[in-house]
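Observations on the model geometry
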Amino acid sequence: MSARFRLRPRPLSPHLLIYRLTITMAMSIVHRLTGVVLYLGSLFFAWWIVAVSAGQKSYAVFDLFAASLPGKTIIFGFVWALIHHMLGGIRHLIWDGGLWINLPEARGIAWVTLIGSVTLALTAWIAGAFIRTLIQ
Amino acid sequence: MTSMRTPRRRVRGLGAAGSGTGDFWLQRVTAIVNVPLAVGFLALLIALSGSNFDTARTWIGNPIVALMLILLTFSAALHMRLGMKVIIEDYVHGTILKIACLLGNTLFSTVVGVSCIYAILRVSLSS
Ligand code: HEM
């Protein structure tokens, strides 16, 4: 790098503090955030699947944690993040095709990803709870 | 022998990350593949909620379910490695630190991915 000629630092991309938060901006941030949550959450998925493969004892340890409040919070968070990231990802793919890229549509699908992900995650949770009552 | 290709020719189209549009494409392809697999995975989670060890084992060991989980693990591991690579390239700037983070990212994604696939195969092949 020709640092000698750089008298002033190069400008960075749009500064968070000087823009009002918009729904498209928020969903852009949340897409990245949920990507990171899923990345870390892959460890939890690995724990589950490895515990099942390792046998009854390991599974009991996982099960104990999964049934606790922190465990349930992680599972719900993971499910919501997966659904939100999936809807947000489909939105990105639509944009890659050159569709719905103008502001009114872009705002519209940003809201759809948010409301849709919360609704679907809650629905999944209720469906799971319903199945649990059927088993027990 | 010196190459007749100019330095400019060698870097053309590779961009700041040095890998051209290949990563971009694989990110999109794995994103598309992830959608049906993630839906299937969520359905599996709902079906398995509150079930005991034996039920979980039977379901995961089912050939169709095992295949779905293996494909999801493979596709998601590639996808999450590329996604995190972009994030690292956005925020980590020192050369050494950046290379360390990128190596760590590849290592993490590989270990998680391969461990999961091994575990799924183990359940499925022994049931
Ligand atoms: C379920 C279907 C999924 C779809 C449709 C999807 C789609 C996408 C797309 C299109 C991007 C690029 C966004 C951009 O250009 O800014 C992306 C980024 C990313 N994805 Fe996914 N993804 C899915 C699942 C996953 C999973 C399961 C994980 C992790 C285990 C994951 C982790 C990431 C990460 C870490 C990024 C980088 C985020 C960023 O650069 O801001 N994704 N995803």
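Each remark here, short or long, concerns the structure printed above.
Residues numbered from 1 in each chain as written. Chains lettered and ligands numbered in written order. Predicted model: local features only at pLDDT ≥ 70, side-chain atom pairs only at ≥ 80, totals over all residues. Heavy atoms only, no water.

Focus on the pattern of salt bridges
All chains considered together, the criterion is met by 4 salt bridges over all chains. With a shortest N-O distance of 3.0 Å, Asp-90 of chain B and Arg-32 of chain A are connected by a salt bridge. Placement of the pair is Asp-90 of chain B in helix 4 (residues 63–91) and Arg-32 of chain A in helix 1 (residues 23–54), with the two residues belonging to separate chains. Taking relative accessible area as the criterion, Asp-90 of chain B reaches 39% and is therefore assigned partly exposed. Among the ionic pairs, Asp-23 of chain B bridges to Lys-85 of chain B, the shortest N-O distance being 2.8 Å. Residue Asp-23 of chain B is located in helix 2 (residues 22–48), and its partner Lys-85 of chain B is located in helix 4; the two are separated by 62 residues in the primary sequence. We classify Asp-23 of chain B as partly exposed; its relative accessible area is 25%. When salt bridges that share partners are traced, they join Asp-23, Lys-85 and Glu-89 of chain B into one network. (Salt bridge = Lys/Arg side-chain N within 4 Å of Asp/Glu carboxyl O. Helix = DSSP H or I, 4+ residues; strand = E, 2+ residues; numbered from the N terminus. Buried < 20%, exposed > 50% of the residue type's maximum accessible area, 1.4 Å probe, protein only.)

Considering the site of the ligand
Taken together, 20 residues lie around the ligand, and Arg-32 and His-85 of chain A together with Gln-27, Arg-28 and His-79 of chain B are the ones closest in. Nearby residues around the ligand are contributed by chains A and B. At 3.2 Å, a side-chain N or O of Arg-28 of chain B approaches an oxygen atom of the ligand. The separation between a nitrogen atom of the ligand and a polar side-chain atom of His-79 of chain B is 2.8 Å. Breaking the shell around the ligand down by element, the ones donating at least two residues are helix 1 and helix 3 (69–96) of chain A together with helix 2 and helix 4 of chain B. Looking at the shell around the ligand element by element, the count peaks at 6 residues for helix 2 of chain B. When its residues are assigned to classes, the shell around the ligand shows 9 nonpolar, 9 polar and 2 charged. (Near = heavy atom within 4 Å. Polar contact = N/O pair within 3.5 Å; in protein donor to acceptor, adjacent residues only side chain to side chain. Nonpolar A, V, L, I, M, F, W, Y, C, P; charged D, E, K, R; others polar.)

Some details on the packing of aromatic side chains
Throughout the structure, instances matching the rule amount to 12 aromatic pairs over all chains. Residues Phe-45 of chain A and Trp-48 of chain A carry aromatic rings whose centres are separated by 6.0 Å and whose planes lie at 50° to one another, so their mutual orientation is tilted. Here Phe-45 of chain A and its partner Trp-48 of chain A are both found in helix 1, 3 residues apart, which amounts to about one turn of the helix. Each of the two residues, Phe-45 of chain A as well as Trp-48 of chain A, counts as buried. Between the aromatic rings of Tyr-59 of chain A and Phe-62 of chain A, the centroid separation amounts to 6.4 Å while the plane-to-plane angle is 35°, which identifies the pairing as tilted. In this pair, Tyr-59 of chain A and Phe-62 of chain A both sit in helix 2 (residues 56–67), 3 residues apart, roughly one turn of the helix. Residue Tyr-59 of chain A shares its accessibility class with Phe-62 of chain A, and that shared class is buried. Ring-pair connections join several aromatic residues into one group, and the members of that group are Phe-44, Trp-47, Tyr-59, Phe-62 and Phe-65 of chain A together with Phe-53 of chain B. Across from the ring centre of Phe-24 of chain B, 4.0 Å away, lies the NZ or CZ of Arg-28 of chain B, which sits over that ring. (Phe/Tyr/Trp six-rings, centres within 6.5 Å; stacked < 30°, edge-to-face > 60°. Lys NZ or Arg CZ within 6 Å of the ring centre and 35° of its normal.)

Brief notes about unusual backbone geometry
Even without being a glycine, Trp-100 of chain A presents a positive backbone phi close to 50°. Note that Trp-100 of chain A resides in the loop between helix 3 and helix 4 (103–135).

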